[in-house]
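# Fold and contact review
Letter by letter, the chains look like this.
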Amino acid sequence: MNRIFSIITLVLSLNFAQAQIHEIGIFGGGSNYVGDVGETQYINPNKLALGILYKWNRSPRHSYRISYTQSSIQGNDADSDETSRIQRGYQFKNSVKEISAGLEFNFFDFNLHELETKITPYIYSGFSYSFYDELYFLNGETREDSNKSTLAIPMTVGVKTNILTNFVLGFEVGARYSFTDNLDGSNPKNNNLDASRFGNINNNDWYIFSGFTLTYTFGEKPCYCAD
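Computed from a predicted model, the values in this text were never measured in an experiment. (Residues numbered from 1 in each chain as written. Predicted model: local features only at pLDDT ≥ 70, side-chain atom pairs only at ≥ 80, totals over all residues. Heavy atoms only, no water.)

What follows is about the sheet that holds strand β6 (residues 141-164). The sheet built from eight strands closes into a barrel, its strands ordered β1-β2-β3-β4-β5-β6-β7-β8 with antiparallel pairing. For this sheet the average axis-to-axis angle between neighbouring strands, irrespective of direction, equals 20°. By the bridge criterion, 12 bridges tie β6 to strand β7 (residues 167-178) in an arrangement that is antiparallel. Directly across from Val157, in β7, lies its bridge partner Val173. (Pairing = 2+ DSSP bridges. Helix = DSSP H or I, 4+ residues; strand = E, 2+ residues; numbered from the N terminus. Axes fitted to C-alpha atoms, helices over the stretch in contact; angles between N-to-C directions.)

So, in C-alpha cells, the structure goes:
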C-alpha cells in the first residue's frame, strides 16, 4: 500500500511540474519616499525605478516571486505642506537597491495554459532586503557616512492581463515599510558623528515603487489531445 501511494504521489508530482508556467520580465516606473524630510504623500513617484523579476506560477491563484529593483529617493522640505518643515528647509538624496521574495496571490483564476484573455487584481507580500547610504545632517547639509542595509516588508497591489500568447502586462503600487529610520539622514546610528537627529524616532521610513511589469511566460504546457 505504501509503495502504491508513493507511485501515485510521484506521478501527480510529475504531472503538476509539467503544468507549471514560469515568467521572467522587467519592471519600470517611479519611486518616492515618506519619512521625516519633504512631503508626506504615499503615492507620488518622482524618481525613475527599474527592475527585473521572476515568477513561478504554482497555480492559477498564486505564484512565488523574486525581484531586484533599484532607484533613487529624495525629499525636500520645500515641497511639504507642513509649515515647520518648510521653515527647516532640509533636503536629501539617497539610492535604494532592493532584493525581494514572496508570494503573489490572484483574486481571480489566471490560468496561463488557456488562450483567452484574462485579467485579475493581485496582491504581493514577503520580505525585502535593501541597500542604501547611511546619511547624516551637519550644518543643514547631508553627508554620507557608510553603506547600510535593512529589511523591509513589501505591500503591493496591482492588476494584470495577458496581452499576447506569451506576455503578461501588469500595473502595481508597492509600499515598503523599512526597518530603518535613516533613509533620509534624520536618525544616524553612528554616535561619534557630530550630527543632528530630528523627526519622529518612533516611525520608520517608507519607500514606494509604482509602475508597470512586462513578463514573458515559458514552460511546459499540458497536452490537449483529441479524443
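Once that is clear, we can look at empty space enclosed by the protein. For the structure on display, the rule yields one cavity of 30 Å³ or more. Of the pockets and cavities examined, the largest cavity occupies roughly 70 Å³. Lining the largest cavity, in full, are Phe27, Ile52, Leu53, Arg65, Ser67, Tyr68, Thr69, Glu172, Arg176 and Phe209. The element that contributes the greatest number of residues to the lining of the largest cavity is strand β3 (residues 62-76), accounting for four residues. When the residues that make up the lining of the largest cavity are grouped by side-chain class, the tally is five nonpolar, two polar and three charged. (1 Å grid on protein atoms, 1.4 Å probe; cavity = no way out; pocket = protein on both sides within 12 Å on 5 of 7 lines; lining within 4 Å. Points joined across faces, edges and corners; volume = space filled by probe spheres on them. Nonpolar A, V, L, I, M, F, W, Y, C, P; charged D, E, K, R; others polar.)

By the element assignment, Ser63 lies in strand β3. By relative accessible area, which is 0% here, Ser63 ends up buried. There is a polar contact of 2.3 Å between the side chain of Ser63 and the side chain of Asn57. Not counting residues within four places of it along the chain, the set of residues in contact with Ser63 comprises Lys55, Trp56, Asn57, Arg58, Gly102, Leu103 and Glu104. (Buried < 20%, exposed > 50% of the residue type's maximum accessible area, 1.4 Å probe, protein only. Polar contact = N/O pair within 3.5 Å; in protein donor to acceptor, adjacent residues only side chain to side chain. Contact = heavy atoms within 4.5 Å.)

A volume near 200 Å³ is recorded for the largest pocket. The residue makeup of the lining of the largest pocket, split by class, is four nonpolar, five polar and two charged.

A full pass over the atoms with the stated rule returns eight salt bridges. Asp109 is paired through a salt bridge with Arg61; the nearest N and O atoms lie 2.7 Å apart. Placement of the pair is Asp109 in the loop between β4 (91-106) and β5 (119-138) and Arg61 in the loop between β2 (47-57) and β3, with a sequence separation of 48 residues. Residue classification places Arg61 among the partly exposed residues on the basis of a relative accessible area of 34%. The shortest N-O distance in the salt bridge between Glu82 and Arg85 comes to 3.3 Å. (Salt bridge = Lys/Arg side-chain N within 4 Å of Asp/Glu carboxyl O.)

Now for the packing of aromatic side chains. According to the stated counting rule, one finds 15 aromatic pairs in the structure shown. Ring centres of Tyr177 and Trp206 lie 5.2 Å apart, and the angle between their planes is 65°; this geometry places the pair in the edge-to-face category. Pair noted here: Tyr177 is in strand β7 and Trp206 is in strand β8 (residues 206-218), with a separation of 29 residues, a long-range link. Here the aromatic rings of Tyr207 and Phe209 are separated by 5.5 Å at their centres, their planes lie at 65°, and the arrangement is edge-to-face. Owing to a relative accessible area of 3%, Phe209 belongs among the buried residues under this scheme. Here the aromatic residues Tyr42, Tyr177, Phe179 and Trp206 are joined through ring pairs into a cluster of three or more. Residue placement shows Lys55 over the ring face of Tyr122; its charged tip is 5.5 Å from the ring centre. (Phe/Tyr/Trp six-rings, centres within 6.5 Å; stacked < 30°, edge-to-face > 60°. Lys NZ or Arg CZ within 6 Å of the ring centre and 35° of its normal.)

Nothing here speaks to function; it is all geometry.
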